[in-house]
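Chain by chain, the residues run as shown.
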Amino acid sequence: MTFTYAPGWAEPLFVLFLFVLGLCFGSFLNVVIARVPEGLSIVRPGSRCPKCGHVLSWYENIPVLSWLGLRGKCRGCGMPISPRYVLVELLTGLLFLACLKRFDWTYALVPALVLVFLLVPLTFIDLEHWILPFSLTLPGIAAGVLLAIPQGADAVGQAALGAAVGFLSFRLMEYVGWRAFKREALGGGDKFLVALLGAFLGWQSLLGILFFASLQGSIVGVTLLALTGRAGPRGAPEAEAPDEAEEPESTMTWDFTKPGLPLWKRAVLVPWCLLFQPIPDSPLDETGEEEEWVPGPTNIPFGPWLALAGLELMLLGPVIAHVLPPEVAMMLGASR
Ligand SMILES: [Zn+2]
């Protein structure tokens, strides 16, 4: 679908509307970031101060302005409100404008805005909790495929292929990394985020996403490590749910490298293990118990870097394609 709507004289109003829409969505995303990792409803109850429980009235709930008006302090208890709230609102608003700059008033603007709407909370949740919740990634993958429908069967195929290739390649890297280093090398949620990016941006962009994410992540990680002695944020891994305590032997019964297996069983187990064998979060201690995982000084969450790389490829694709040699740009998926 290639219709272009040119708003003419009303253009500045439409642009302003999109920015304000971004601020309001950002305000909602603050709720998502605060509540989804805790497993709380994002609908009820209304917004309240996390420190004293003071319920916010409508005029304390206006994006950016309320924070400025309240000078960043709760009206109930006077405790400072994290500047993250304003940051998320402004970031969402500005990214919405960047999407408009890139795609103009075409249909392509719609999936771009939805992708921003998904990547902002995933980034901030991964930074704080070191998780990428399924409740965001799985509907996100579906949205990426569904939003391709108006662009034709080809686009739907590209989206589905992007999701599948993204998921499988990261699952394989995760599996091989785990077998090689006997510990989780990639966060288990990363493959779902890569699938989401593949669904929205197509399989051609996957190599570029991996490249830019690794490059920028390692540059910033190494710099932070040198300056502060820590690469990633400290994070607060929550207490483990009791039903999650898997007996470690169960993962081992699926091991296709176990000696003495008949050949046919091994042949069936190889693809099964590659795809589905659960990978424990942390190395097992001497008693066979899983240790509670705490981010070490050299750990860095990869999700935010994947999200950043995806946004860069989407929003700056033509610029990247202009700067890099055409063959390299094409390999990185920046030609579109
Ligand atoms: Zn308060």
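This text follows the structure it describes.
Structural notes, computed from the coordinates. Since this is a predicted model, take the numbers as computed values, not measurements.

### Some points on the coordination of the zinc ion
And then number 1: At 2.3 to 2.4 Å from the zinc ion lie its protein donor atoms, namely C49 (SG), C52 (SG), C74 (SG) and C77 (SG).
And then number 2: For the zinc ion, the four donor atoms in the first shell make angles of 103 to 118 degrees at the metal, so the coordination geometry reads as tetrahedral.
And then number 3: Between the donor residues of the zinc ion, the gaps in sequence give the motif C-x2-C-x21-C-x2-C. Of the two residues, C52 is situated in the loop between α1 (11-35) and α2 (65-69) and C77 in the loop between α2 and α3 (84-103); the sequence distance between them amounts to 25 residues.
And then number 4: Of the residues examined, C77 reaches a relative accessible area of 32% and is grouped as partly exposed.

### Examining helix α5 (residues 134-146)
And then number 1: The first and last C-alpha atoms of α5 sit 18 Å apart over 13 residues, in line with the 18 Å expected at 1.5 Å per residue.
And then number 2: Turning to α5, its buried residues are L136, T137, G140, I141, A143 and G144. Looking straight down α5, one finds that the buried residues subtend no more than 165 degrees of arc, so they occupy a single side. Among the exposed residues of α5, those pointing more than 90 degrees away from its buried face are S135 and L146.
And then number 3: Against the buried residues of α5 lie α1, α4 (109-129), α6 (153-181) and α7 (190-201).

### Comments concerning the packing of α5 against α7
And then number 1: In contact at an axis separation of 8 Å, α5 and α7 are set at 20 degrees when each is read in the N-to-C sense. Judged on the interaxial angle alone, α7 and α5 are roughly parallel. As for the relative orientation of α5 and α7, their crossing is left-handed in sense. Contacts from F134, L136, T137, L138, G140, I141, A143, G144 and V145 in α5 reach F192, L193, A195, L196, A199 and F200 in α7.
And then number 2: Among the residues forming the contact of α5 with α7, the class breakdown is 12 nonpolar, three polar and no charged.

### Here's the deal with the environment of I141
And then number 1: With respect to the secondary-structure elements, I141 resides in helix α5.
And then number 2: Remark: the alpha-carbon pair of I141 and F192, spanning 51 residues in sequence, is separated by 7.9 Å.
And then number 3: Setting aside residues up to four positions removed in sequence, I141 forms contacts with A163, F192, A195, L196 and A199.

### Describing the nonpolar core
And then number 1: Ranked by internal contacts, the top residues of the largest apolar core, which has 56 residues, are C99, L115, V116, L197, F200, L306 and M314.
And then number 2: Only α1, α3, α4, α5, α6, α7, α8 (206-228) and α11 (303-323) provide two or more residues apiece to this core.
And then number 3: No other element matches α4, which puts 11 residues into this core.
And then number 4: Two domains each put at least three residues into this core: domain 1 (7-105) and domain 2 (114-237 + 294-336).

Thresholds applied
Residues numbered from 1 in each chain as written. Predicted model: local features only at pLDDT ≥ 70, side-chain atom pairs only at ≥ 80, totals over all residues. Heavy atoms only, no water. Donors = N, O, S within 2.8 Å, 3.2 Å for Na, K, Ca; no water. Tetrahedral: all angles 85-135°; square planar, octahedral: opposite > 155°, others 65-115°. Helix = DSSP H or I, 4+ residues; strand = E, 2+ residues; numbered from the N terminus. Buried < 20%, exposed > 50% of the residue type's maximum accessible area, 1.4 Å probe, protein only. Expected span 1.5 Å × (residues − 1). Arc of directions from axis to C-beta. Contact = heavy atoms within 4.5 Å. Axes fitted to C-alpha atoms, helices over the stretch in contact; angles between N-to-C directions. Parallel < 35°, antiparallel > 145°, perpendicular 65-115°, else oblique. Left-handed = near helix turned anticlockwise from the far one by under 90°. Nonpolar A, V, L, I, M, F, W, Y, C, P; charged D, E, K, R; others polar. Core = buried A, V, L, I, M, F, W, Y, C linked by side-chain atoms within 4.5 Å. Domains from an automatic or database assignment.

Taken by themselves, the reported measurements are silent on function.
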